[in-house]
Each structure stands twice: as structure tokens, then as C-alpha cells.
Amino acid sequence: MSSDLENKCPNCNSSAVNETVLTDTFLYGSPDCVVPLTVTEIVMTCADCKEAWSDWRGEEARDEVVKRYRKAFTKPLIYIDTQKLLDIAEGLEELGKLDSAQTVRETAADSSVTQTDGD
Ligand SMILES: [Zn+2]
């Protein structure tokens with residue numbers, strides 16, 4: 001059942017190592033926008049000394065989750081178009097949805113402020 005390529009415990013050098021698939025949550029983002037991301041990763045535990053650790057596979061799994069998150073969230077930001085938002089607001093006003101129109105106008109105002117501040 002065991003092979004010579006088995007993991008060895010970094011703490012006690014035992015080869016009684018178990019691999020467990022765990023779901024973990026970690027925080028990602030900038031200080032003003034932190035999101036919890038969930039990752040499924042392989043964690044090794046030593047049956048002899050109870051040491052637990054993860055290897056490159058854990059890091060790779062986290063990298064993949066972060067990449068997926070960034071892909072999903074950078075797109076809408078790139079495509080914020082103030083004029084388009086104002087057009088939408090106008091359409092909402094015509095439909096009598098004044099509250100929604102106001103919200104869209106505020107979003108447009110915000111995005112035009114952040115867009116002018118490019119360095
Ligand atoms: Zn150990």
C-alpha cells in the first residue's frame with residue numbers, strides 16, 4: 001500500500017503521513033475591499049506527531065481561486081462607462097423608476113470621479 005515516494009513528516013521524519021482534502025477559507029484583497037475566498041486543498045497530517053502542513057499543491061489551489069476571483073471582478077470595472085450609466089438612468093426615469101434612476105446616477109458620478117484620477 002505504501003510507496004517509496006511517500007511524503008515524510010518535516011517534524012519527526014515519520015512516513016505515517018495522511019493526505020486529507022480540506023475546504024479552507026482565506027481572506028484576499030486590499031485593505032478597503034477584503035473578500036473571503038474558499039479553496040479546496042490537500043493537507044498532510046502526521047499520524048505520529050500530529051504535525052499538519054500543506055505543500056505547493058495548496059499554494060497552487062489558492063492561486064487558482066484568486067485568479068478566478070480577479071477574472072470575475074476586474075471585467076465590470078473596466079467596462080464602467082459613465083455615459084452609458086446616464087443613458088440607463090434616463091431610461092429608468094422615463095419608466096417612472098425614479099429611485100433606481102437616482103442610484104444609477106450616483107454610480108455614474110462616483111465612477112467619473114475615480115476615472116479622472118489616473119496616474
Ligand atoms: Zn511527524
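The shown structure was predicted, so the numbers you read here are calculated from the model rather than taken from an experiment.

Observations concerning the overall build of the protein chain
Stage number 1. Scanning the protein chain from terminus to terminus reveals three helices and three strands.
Stage number 2. Sequence-ordered secondary structure for the protein chain, helices as α and strands as β, is β-β-β-α-α-α.
Stage number 3. Every one of the 119 residues in the protein chain was classed for burial, and the buried ones make up 5%.

Re the sheet that holds strand S3 (residues 52–53)
Stage number 1. With respect to topology, three strands assemble into an open sheet ordered S1-S2-S3, the strand pairing being antiparallel. Each of the sheet's edge strands pairs with one partner strand only, and the pair in question is strand S1 (17–30) and S3.
Stage number 2. Pairing of S1 with strand S2 (residues 33–46) involves 14 bridges; the strand directions are antiparallel. Following the sheet pairing, Phe26 is matched in S2 by Leu37.

Points about unusual backbone geometry
Stage number 1. In this model, Asn13 sits at a positive phi of 65 degrees, which is unusual for a non-glycine residue.
Stage number 2. On the basis of neighbour count, Asn13 is assigned to the exposed category, with 10 C-beta atoms found within 10 Å.

Looking at the environment of Asn13
Stage number 1. Looking at the element boundaries, Asn13 is found in the segment before S1.
Stage number 2. When the C-alpha positions of Asn13 and Cys49 are compared, they lie 9.7 Å apart, and in sequence the two are 36 residues distant.

As for the confidence of the model for the protein chain
Stage number 1. Counting all residues, the mean pLDDT for the protein chain is 81, and 82% of those residues have values of 70 or more.
Stage number 2. Within the protein chain, the element-level pLDDT minimum falls on helix H3 (residues 98–116), averaging 74, and the maximum on S3, averaging 90.

Some points on helix H2 (residues 82–94)
In an α-helix, one turn spans 3.6 residues; hence positions three or four apart end up facing the same way.
Stage number 1. For H2, built from 13 residues, the straight-helix expectation of 18 Å at 1.5 Å per residue is met to within 8% by its first-to-last C-alpha distance of 19 Å.
Stage number 2. Where H2 ends, the next residue or the one after it, Gly96, has phi of about 85 degrees, a positive value.

A closer look at the pairing of S2
Stage number 1. Between the end of S1 and the start of S2, which pair antiparallel, lie two residues.
Stage number 2. Note: S2 against S3, two bridges, orientation antiparallel. The residue bridging Met44 from the neighbouring strand is Trp53, located in S3.
Stage number 3. Linking two consecutive strands that pair antiparallel, namely S2 and S3, is a turn of five residues; a positive phi of about 70 degrees is found at Lys50 within it.

Quick word on the environment of Thr82
Stage number 1. Mapped onto the elements, Thr82 comes out in helix H2.
Stage number 2. Sequence separation between Thr82 and Val104 is 22 residues, and the spatial gap between their C-alpha atoms is 9.7 Å.

How each quantity is defined
Residues numbered from 1 in each chain as written. Predicted model: local features only at pLDDT ≥ 70, side-chain atom pairs only at ≥ 80, totals over all residues. Helix = DSSP H or I, 4+ residues; strand = E, 2+ residues; numbered from the N terminus. Buried ≥ 20, exposed ≤ 12 C-beta atoms within 10 Å, placed from the backbone. Pairing = 2+ DSSP bridges. pLDDT = per-residue confidence, 0-100. Expected span 1.5 Å × (residues − 1).

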